[in-house]
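The primary structure of each chain is shown beneath.
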Amino acid sequence: MLFRKITKKEEGKFITRYDVEYETEDGKEKIYEMISRNNDINDYETLHGDSPDAVVLIMTTPDGSRILINKEFRMAAGMWVYNFPAGLIDEGETPEEAAARELREETGLKLQRVDDIIGLSYSAIGFSNEMNVCVVGCCEGNIQKSDSSFEEIEAAWYTREEVRELLKKERFAARTQAYLYLWSRG
């Protein structure tokens, strides 16, 4: 692959669309459409950043017997989808601070402990360079409705057996589905 150039096509409030032009190994010209959280990509180096845009929260009860999952209406799918709590990292925030804030905003729960932070991964590598980190830990409190009217979220705790049943019949974000499958078998 030989990178040629990147062209900004449209800038929105949260994402920017680009065309990435490159030459394939067999000499064919290709234009790849993508979106990014970065609204100022103009070369190959800035195409692949090195800091997370968002956090994904993998939270259990302190004893590990139940896992927190959001059921959220996602406009891009036009339906309710199961997903881990997640959100953008605000400027100046650490992933731990963003995790605590997003958890509180989406579920009303309080981050009790961070057990691990799983390194950088891509949210939707097929069309975006958005990167996130997974914050793994436990939380406590009473689940409350999201504090944003722009997010329709129903958070709940699930046992392994309940997760196995959800996986048979509900729609999930891919990363959530994969992790929950393994967690439910543990």
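Data block above holds the structure.
Description of the structure in this document. (Residues numbered from 1 in each chain as written. Predicted model: local features only at pLDDT ≥ 70, side-chain atom pairs only at ≥ 80, totals over all residues. Heavy atoms only, no water.)

Helix and strand content of the protein chain: four helices and 10 strands. Counting from the amino terminus, helix and strand elements in the protein chain follow one another as β-β-β-α-β-β-β-β-α-β-β-β-α-α. In terms of overall dimensions, the protein chain has a C-alpha envelope of 55 × 35 × 30 Å along the principal axes. Counting over 186 residues, the protein chain shows a buried share of 35%. Considering only contacts in the protein chain between residues 6 or more positions apart, those separated by 24 or more positions represent 56%. Working note: accessible area of the protein chain is about 11100 Å², and carbon and sulfur atoms make up 48% of it. Side chains of the protein chain give 24 positive and 36 negative charges; the mean places of these two sets differ by 6 Å. (Helix = DSSP H or I, 4+ residues; strand = E, 2+ residues; numbered from the N terminus. Buried < 20%, exposed > 50% of the residue type's maximum accessible area, 1.4 Å probe, protein only. Contact = heavy atoms within 4.5 Å. Areas by Shrake-Rupley, 256 points an atom, 1.4 Å probe, with all protein chains shown as cover. Lys, Arg positive; Asp, Glu negative; His and termini not counted. Charge placed at Lys NZ, Arg CZ, Asp CG, Glu CD.)

Following the criterion strictly, the structure yields five aromatic pairs and no others. Aromatic side chains Phe3 and Tyr44 sit 5.2 Å apart centroid to centroid with 50 degrees between the ring planes, which places their arrangement in the tilted category. Of this pair, Phe3 sits in strand E1 (residues 2-11) while Tyr44 sits in helix H1 (residues 44-47), and the two are 41 residues apart along the sequence. Taking the centre distance of 5.7 Å and the plane angle of 75 degrees together, the rings of Phe84 and Tyr179 count as edge-to-face. (Phe/Tyr/Trp six-rings, centres within 6.5 Å; stacked < 30°, edge-to-face > 60°.)

Residue position: Glu152 is located in the loop between strand E9 (131-140) and strand E10 (153-158). When the C-alpha positions of Glu152 and Phe73 are compared, they lie 5.6 Å apart, and in sequence the two are 79 residues distant. Beyond its immediate chain neighbours, meaning those up to four positions away, Glu152 contacts Lys71, Glu72, Phe73 and Trp80.

Another aspect to go through is the sheet that holds E1. By way of backbone hydrogen bonds, the strands of a sheet pair with one another, either parallel or antiparallel. With antiparallel pairing, the three strands of this open sheet are ordered in space as E1-E2-E3. Both outer strands of the open sheet, E1 and strand E3 (29-36), are each paired with one neighbouring strand and no more. Strand-to-strand twist in this sheet, taken as the mean axis angle between neighbours without regard to direction, amounts to 20 degrees. By the bridge criterion, eight bridges tie E1 to strand E2 (residues 16-23) in an arrangement that is antiparallel. Bridge pairing in E2 places Leu2 opposite Glu23. (Pairing = 2+ DSSP bridges. Axes fitted to C-alpha atoms, helices over the stretch in contact; angles between N-to-C directions.)

With that settled, the discussion passes to the side chain of Ser146. Relative to the elements of secondary structure, Ser146 occurs in the loop between E9 and E10. Separated by 3.2 Å, the side chain of Ser146 and the backbone nitrogen of Ser148 make a polar contact. (Polar contact = N/O pair within 3.5 Å; in protein donor to acceptor, adjacent residues only side chain to side chain.)

With 12 residues, helix H4 (residues 174-185) extends 17 Å between its outermost C-alpha atoms, agreeing within 8% with the 16 Å of an ideal straight helix rising 1.5 Å per residue. Here H4 has its buried residues at Thr176, Leu180, Trp183 and Ser184. Seen end-on, H4 carries its buried residues on one side only, within an arc spanning 95 degrees. In H4, those exposed residues whose orientation departs by more than 90 degrees from the buried face are Ala174 and Leu182. Residues of H4 that are buried in the fold lie against strand E4 (54-60), strand E5 (67-74), strand E6 (79-83), E10 and helix H3 (160-169). (Expected span 1.5 Å × (residues − 1). Arc of directions from axis to C-beta.)

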